[in-house]
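Chain by chain, the residues:
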Amino acid sequence: SNAALHFIFHVGHCGSTLISRLLDELGAFGLREPLPLRSLAEIQLDVGQAWSLLDTDGFDRLAGMLGTLWSRRPSSTNASVVKATSHTSGLATQMLDQRSNSRAVSIGLPFERYMATVLAGQYAPYEFRSTAGFRLRRLAHTGFGNLPAASAMELPQYAALAWLTETYTLRKAAHEAGSRWHHIDFDAFLEDPARHLAELSDHFGLGAEPEQIEAAVNSPAMTRYSKAPEHDYSTGLRQQVIEQS
């Protein structure tokens, strides 16, 4: 299928769900963290090993099939936009290579802002510990040596590992993708969301009108916690949480 399929990759806890919801307001069909994408990211690291059930061709076929399924959308929308899970950044180049008309955006934060954000979360110890082994495998797969043992690390190191792995992976993918890639610093986005949304609309070919963009930035999505919209979470409250952390 030649239907447009775009992606949001990110380092985690940097507003990707909010931006995905705002893009829905502009005519995108948002698919947020489809579970098969996580499985695909884990399978990818084993391709070529004796124990892998998929060779390179088989993996490419599976990725292509999933991309075709994700590209399906209601006729009232302009394009499907998959918001990836944060530890699936290693798939970025693969998924863009599958379709010549696919584009991607990456969302990130500077290291200290990221650490202050994630370490304020109550579930951080479980989230970062559970993905540390996978991220170390990805770094090893990329060619890094002298990696620390996951069992010897503590929470701040797990969080730093997440930022390092995803930031490095996304910068590498962005370099390879050229103009098909657009990067956003989430703090900069919050300072001028209308301008950044207009750039995203152009990048993904959504064709949003200025009135749509204005409505989106003034919608309830901007003042709610995106993963649990029943909770208030303004830009000001986010800043307070980061400063306290």
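Calculation rules
- Residues numbered from 1 in each chain as written.
- Predicted model: local features only at pLDDT ≥ 70, side-chain atom pairs only at ≥ 80, totals over all residues.
- Heavy atoms only, no water.
- Helix = DSSP H or I, 4+ residues; strand = E, 2+ residues; numbered from the N terminus.
- Rg over C-alpha atoms; globule rule 2.2 N^0.38 Å.
- Buried < 20%, exposed > 50% of the residue type's maximum accessible area, 1.4 Å probe, protein only.
- Pairing = 2+ DSSP bridges.
- Axes fitted to C-alpha atoms, helices over the stretch in contact; angles between N-to-C directions.
- Contact = heavy atoms within 4.5 Å.
- Core = buried A, V, L, I, M, F, W, Y, C linked by side-chain atoms within 4.5 Å.
- Salt bridge = Lys/Arg side-chain N within 4 Å of Asp/Glu carboxyl O.
- Arc of directions from axis to C-beta.

## Observations concerning the overall build of the protein
No. 1: Each helix and strand counted, the protein has 11 helices and 7 strands in total.
No. 2: Its C-alpha atoms give the protein a radius of gyration of 18 Å, within 12% of the compact-globule value 18 Å for 245 residues.
No. 3: Considered along the principal axes of its C-alpha atoms, the protein spans approximately 55 × 50 × 30 Å.
No. 4: Across the 245 residues of the protein, 47% fall into the buried class.

## Some remarks on the sheet that holds strand S5 (residues 181-185)
No. 1: Strand order in the open sheet formed by 5 strands is S2-S3-S1-S4-S5, and the pairing between neighbours is parallel. The strands lining the two open edges of the sheet, one partner per strand, are strand S2 (28-32) and S5. Strand-to-strand twist of the sheet, defined as the mean angle between neighbouring strand axes without regard to direction, takes the value 20 degrees.
No. 2: Strand direction decides the pairing type here: strand S1 (residues 5-10) and strand S4 (residues 104-108), joined by 4 bridges, are parallel. Paired with Phe 9 across the two strands is Ser 106, which belongs to S4.

## Remarks on the environment of Pro 34
No. 1: Among the structural elements, Pro 34 can be located in the loop between S2 and helix H2 (35-44).
No. 2: Its relative accessible area of 13% is what places Pro 34 among the buried residues.
No. 3: Sequence separation between Pro 34 and Val 82 is 48 residues, and the spatial gap between their C-alpha atoms is 7.8 Å.
No. 4: When neighbours within four sequence positions are excluded, Pro 34 is seen to be in contact with Trp 70, Val 82 and Lys 83.

## A look at the nonpolar core
No. 1: Formed by 66 residues in total, the largest nonpolar core has its most connected members in Leu 23, Tyr 114, Trp 181, Phe 186 and Leu 197.
No. 2: No other element matches helix H7 (residues 155-177), which puts 8 residues into this core.
No. 3: Not counting residues up to four positions away in its chain, the partners in contact with Phe 186 are Cys 14, Gly 15, Leu 18, Ile 19, Ile 107, Gly 108, Leu 109 and Arg 238.

## Some words on the pattern of salt bridges
No. 1: This model, assessed by the stated rule, comprises 10 salt bridges.
No. 2: A salt bridge links Asp 24 to Arg 32, with the shortest nitrogen-to-oxygen separation between them at 3.0 Å.
No. 3: For Asp 24, a relative accessible area of 27% translates into the label partly exposed.
No. 4: Using a relative accessible area of 32% as the deciding quantity, one classes Arg 32 as partly exposed.
No. 5: Between Glu 33 and Lys 83 there is a salt bridge, and its shortest N-O distance comes to 2.8 Å. Of this pair, Glu 33 sits in the loop between S2 and H2 while Lys 83 sits in strand S3 (residues 79-83), and the two are 50 residues apart along the sequence.
No. 6: A single salt-bridge network, built from bridges that share partners, covers Glu 33, Arg 38 and Lys 83.

## Some thoughts on unusual backbone geometry
No. 1: Backbone geometry at His 13 places phi at a positive 55 degrees, although glycine is not the residue there.
No. 2: Relative to the helices and strands, His 13 resides in the loop between S1 and helix H1 (16-25).
No. 3: One non-glycine residue, Asn 146, lies in positive phi territory at about 55 degrees.
No. 4: Relative to the assigned elements, Asn 146 resides in the loop between helix H6 (124-142) and H7.
No. 5: We classify Asn 146 as exposed; its relative accessible area is 85%.

## Comments concerning helix H10 (residues 210-217)
Owing to its 3.6 residues per turn, the α-helix aligns residues three or four sequence positions apart on the same side.
No. 1: Within H10, the full set of buried residues consists of Ile 213, Ala 216 and Val 217. End-on view of H10: buried residues confined to an arc of 90 degrees, all on one side of the axis.
No. 2: Where H10 is buried, its residues meet H1 and helix H9 (193-204).

## Points about the pairing of S1
Within a regular strand, the side chains alternate between the two sheet faces.
No. 1: Of all the 6 residues making up S1, 6 are buried; the element is thus mostly covered by neighbouring parts of the structure.
No. 2: Residues Leu 5, Phe 7 and Phe 9 of S1 are buried on one face, and the alternating residues His 6, Ile 8 and His 10, pointing to the opposite face, are buried as well.
No. 3: Note: S1 against S3, 4 bridges, orientation parallel. Note on S3: the bridge partner recorded for Leu 5 is Ser 80.

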